[in-house]
Amino acid sequence: MVNYQIVLDFVSFVSFHHHREKTILLKSYYHKMRLIKPEWIEHGPKESLSSLHINPDGIRVALAGKYNAVDCIRIFRLASILDENYQTQSRLLCRIDTQCPLCVRFAYASDVLAVASRQNLLLYHLTATNPNVVNQPVQTSSAFGDFPETWRLRTSLSSGHVADILDIAWCPPSDRYLASCSIDNHICIYSWPAATLLTTLRGHTGLVKGLAWDPTGLLLATQASDRTVKVWSSKTWQCEQTVKEPFDGCAESTSFLRLDWSPDGTMFTTAHAKNNK
């Protein structure tokens, strides 16, 4: 296991006050973070990792991308990544082979894994645990063999998108909505567990490459290649505010622009901002 210490430079933090009069505060911070890179998780020199997500209980981490030239999702025990002395025979919990998985997100309140596969939204449910299966190699294919966990495709949402979905997000704390954004410039909101398309948000003029709910589920922030972040209300589905300044002059070449809110909901962190000081 390799330990890295890095410095994150010029991350844009946007402070958002949800009142009639709103103010925006932009800052750049130097922040030290310790990273752990387990050497046994690899994807090959020419293969990509498009998404990862840790489930709310902190038990599993899902990785999506190509592995040995096959599109797949691998679900690992998080403890096996954090602890180099963890027993090697029980690292991999499950592997799911599926076409072009661009994003994976665990639900907050149930054992459901949402997967963006091209313009489709696939929902996999944990249907069984197999405690007697503990010796599955990391490279095992889902085409044969058993796994400590069984995840099965239960629902394929009727997608409102006509092009690839780049990011998805469950609405906290109870998963009442599932949001998705796409290179068709739109954001789709699905109700859950009804699994139906509720509304489509339009307003971005470029590829929408990332989205995130605030901790209360009242606000949804979306970031697009039109160099803006928009904040939407889940009560009216109207745009509350558009943030432009930090992204003036930025290139449009990034594959993803996945942002996130702070735990207290007072600010969100975005990628690809320009240092304007």
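The structure we're discussing is the one just above.
Attention in this report is confined to the structure presented alongside it. This structure is a prediction, so every number in the text was calculated from the model and none was measured.

## A closer look at the sheet that holds strand β14 (residues 196-201)
Either a parallel or an antiparallel arrangement is found when strands of a sheet pair, and the pairing is made through backbone hydrogen bonds.
Now for step 1: If you trace the four strands from one edge of the open sheet to the other, you get β11-β12-β13-β14, paired in antiparallel fashion. Strands at the two margins of the open sheet, each flanked by one partner only, are β11 (165-170) and β14. Each strand axis lies, on average, 20° off the axis of its neighbour in the sheet, ignoring direction.
Now for step 2: The sheet contact formed by strand β13 (residues 187-191) and β14 spans five bridges and is antiparallel. Each residue of the ladder has a partner; that of Ser-191, found in β14, is Thr-196.

## Here we look at the sheet that holds strand β17 (residues 228-233)
Now for step 1: A sheet is described by the order of its strands in space; here four strands give the open sequence β15-β16-β17-β18, paired in antiparallel fashion. At either end of the open sheet lies a strand with only one pairing partner, and these are β15 (208-213) and β18 (239-243). For this sheet, the mean angle separating the axes of adjacent strands, direction not counted, is 20°.
Now for step 2: Of the strand pairs in this sheet, β15 and strand β16 (residues 219-224) are connected by five bridges, and their pairing is antiparallel. Within β16, the residue paired with Val-208 across the bridge is Ala-224.

Procedures and definitions
Residues numbered from 1 in each chain as written. Predicted model: local features only at pLDDT ≥ 70, side-chain atom pairs only at ≥ 80, totals over all residues. Heavy atoms only, no water. Pairing = 2+ DSSP bridges. Helix = DSSP H or I, 4+ residues; strand = E, 2+ residues; numbered from the N terminus. Axes fitted to C-alpha atoms, helices over the stretch in contact; angles between N-to-C directions.

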